[in-house]
Structures are given as C-alpha cells and as structure tokens.
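# Report on the structure
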Amino acid sequence: MPTESSIISSIRRRVRYGNRVAVGIGDDAAVVRCGKDVDLLLCSDLMIESIHFKTQWSRPGWIGHKALASAISDVAAMGGVPRFALVSIALPALTSPEFVDELLEGALEAAKKFGVDLVGGDTSGSPGPIFIDVSVAGECEKQAAVTRSGARPGDLIFVTGDLGSAALGLTLLEQGHRLGGDAVRHGDSGEAKAEHDAMRKHLLPEPRCELGQEIALNKVATSMIDISDGLSTDLNHLLEESGCGAAILFERVPVAQPVMTLSELRQDIDGFALSLHGGEEYELLFTADAEAREVVRGLSERFKLPITEIGEIVAEPGLTVEHSGRQVRLRAGGFEHLAGPEG
Ligand code: ADP
Ligand code: MG
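Quick caveat: nothing in here was measured; it's all calculated off a predicted structure.

Let's shift gears to the site of ligand 1. Every residue lining ligand 1 is accounted for by Glu 4, Ile 8, Ile 11, Ile 25, Gly 26, Asp 27, Asp 28, Asp 74, Arg 148 and Ser 228. For ligand 1, an oxygen atom lies 2.6 Å from a polar atom in the backbone of Asp 27. Between Asp 28 and ligand 1, the recorded distance is 2.9 Å, taken from a side-chain N or O atom to an oxygen atom. Surface burial for ligand 1 is 64%, taken as the share of its 560 Å² of free accessible area covered by protein chains. Counting atoms within 2 Å of the grid points, the majority share of ligand 1 lands in the largest pocket. Sorting elements by how many residues they give to the shell around ligand 1 places helix H1 (residues 4–14) first, with 3 residues. In terms of residue class, the shell around ligand 1 is made up of 3 nonpolar, 2 polar and 5 charged.

Spelled out as structure tokens, the structure:
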C-alpha cells in the first residue's frame, strides 16, 4: 500500500477547488467561505478497531468520546467553534446491543460537553473490525482561521499543556495496565497516579477548543496545528506547509508529570522519545510573533494551563532539537545526531 502521505499528496495534486474553498487538503480542517461574516470549517477523523482503539482496554463509551474529541480537535486547531457532527459506524455481526448503547452514550456525552449537535451519520455492518468515522463542521470569523502555513522566520513556537503522557498511557495499556472507572484514591502512590493520569489522557482526550478560539480571536498565532501524530511529526507538517524550518530546545519541551515520574522509576520508559514523538496529545502547537509573548502569558494565566515557548522558526528548512549541548535533526517520529560536544 502507498504511504498515507503519498496518498494525500496524490489526491491534493488532482483536486481543483471552486472559488469558495479558502483552504483545502493539507490543513487540520478545510475552510470554506460561507457567509458575509463567517467561514465554515470541515474535517473528519476515522477510527478503526485494533489500529486506533482496542476493546480489551477501552470501554465502548470511552471509544465514542475519543472519536468525537479527536475530530473536534482539528476544528480547535483552526481556532474555530465546533458546531455539528456526523457519526458513521460499521459494526461486526456479533456486536452486542449494550456495546452500541454505551458507544452512543459516550459519543453523545462528548458532543454535549464540546458543544456540538450530532445531526446525522451512517450505519453499516462490518465484515471485520469496528469503524467509527466522525465528521465535524465548525465555524470561525471570516478569514480568522489559523492555518498551518503562516509561520515565518523569527516567530516563536509555543505548545499548550504538556507532552508524552498519552503515548505513555498507550504503552502502559499494552503492558497490561488498565484504567479503573474512578479517580485515583487518596493514599495511592505517585506511581499509581502517574499511571492513571497517563492512561486517562490516552483514553479520554480533551480538545483545546476554547483556548484555540481565544488564540484565533486575539490574532496571536501566525500558524497552528494540533498534536495528533506527535510533536516531531506535526511540527514538521507545519514547517512543510509554511516553507521554513525550526530550532527547538529539548529542555524547554513541557514533559508531562506522569512521564517524568515513570521514566525515573522504570528503565523502559523513554521520556525523551515519548514527549517528542508521542501522538494523540491533542495539545495545540502554534507560532507567534515575539511581540505576542505577553498575550500568550495572559491566555496561559486565564486558562490555568501552561503555554510554553519551546523554540523559534528559522529560514533554513528542517527541524533541529538541542539536547544536552548536542544538535539533533528531528525527523517526523525519529531523530538523527548532527553535531555536539562529541562531534
Ligand atoms: P490530522 O492529523 O490533522 O487529522 P491528517 O494527517 O489526517 O490530518 O490529514 C492531513 C490532510 O489531508 C487533511 O487536510 C485531511 O483533510 C486530508 N486528507 C486525509 N485523507 C484524505 C482523503 N482520503 N481525501 C482527501 N483529503 C484527505
Ligand atoms: Mg490535526
């Protein structure tokens, strides 16, 4: 099978847009001119059993929640307000009525929580795994959508929240740990809390909708993307669309507390790789002019959420990360050493 990126590039080369399409394939959501004051944002996200979720460690309701949350995150990444969702499901013959009920309950709860109306979809049998596809329509002020393509040399790079715990959560689930229904009990160890928080972030992600909207409203960001594939992959996407490069400092990357806790305790947990390459964080990564620092600090205080400056956009293409005095070229999902104290 051709790679995902080659398929997307091939479709992108062939499509021709009508004059109402402001942003087509290649961003988190398409932007379509809709009215005098409003632009429409459109995106979809497909989740397949075994690839994107496993029923052995996720409850049906959590799967429904995550399907909505990950699609909505792409509207958040444009700075838009999610409004409507279409949910299509394909289920194998042996699926129980309880499973379907819980899945829908989770999807409906998430729709309510994130302010979208579930207005349609499609239903089918599946000869194999469960499929869930969520399409979301959102809106933003005319020409106010924040795309991936506006970063310019000299811009600062910011990331919301912290990174690595969703990928850590997946690792823990693969190792046999499970998320209980309740919060961590009083008296549980820091290790138990770290495990709980990491698995929760993987299984029940929260898109940064309101913060994304404020970033757009304040016109602070020159570009933005959500971290669904990992910082290295998504920053590279943003750089490709913007036609520039970036230099980040690893010591500034906000490594999530569960990652710090468990990487100190366990040899097999690599905090560096988890925070740079871990996917499904649904944090926002954006670039802004240096003058926007104060506004970003204000947003961070208002939302009681860290928004961390991790580096700078440069003219030369490529992404480098400085770690312990060494410069490393950071490729999507991997890295190679360039130069440093030992050459
Ligand atoms: P994200 O990680 O933000 O969800 P993707 O990597 O899934 O983004 O997709 C990148 C871009 O490619 C998006 O603009 C998406 O709409 C587009 N895209 C992906 N698959 C297809 C497809 N089969 N047909 C048309 N566009 C697609
Ligand atoms: Mg995205």
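For the structure shown, the criterion picks out 2 cavities of 30 Å³ or more. Of the voids in this model, the largest cavity is the one considered here, and its volume is about 50 Å³. Met 47, His 52, Phe 53, Lys 54, Trp 57, Ser 58, Trp 62, Ile 63, Lys 66, His 202 and Leu 203 are the residues that line the largest cavity. Of all the secondary-structure elements, those providing two or more residues to the lining of the largest cavity are helix H2 (60–76) and helix H5 (190–203).

Reading guide: rules and limits
Residues numbered from 1 in each chain as written. Chains lettered and ligands numbered in written order. Predicted model: local features only at pLDDT ≥ 70, side-chain atom pairs only at ≥ 80, totals over all residues. Heavy atoms only, no water. Near = heavy atom within 4 Å. Polar contact = N/O pair within 3.5 Å; in protein donor to acceptor, adjacent residues only side chain to side chain. Areas by Shrake-Rupley, 256 points an atom, 1.4 Å probe, with all protein chains shown as cover. 1 Å grid on protein atoms, 1.4 Å probe; cavity = no way out; pocket = protein on both sides within 12 Å on 5 of 7 lines; lining within 4 Å. Sits in = over half its atoms within 2 Å of the grid points. Helix = DSSP H or I, 4+ residues; strand = E, 2+ residues; numbered from the N terminus. Nonpolar A, V, L, I, M, F, W, Y, C, P; charged D, E, K, R; others polar. Points joined across faces, edges and corners; volume = space filled by probe spheres on them.

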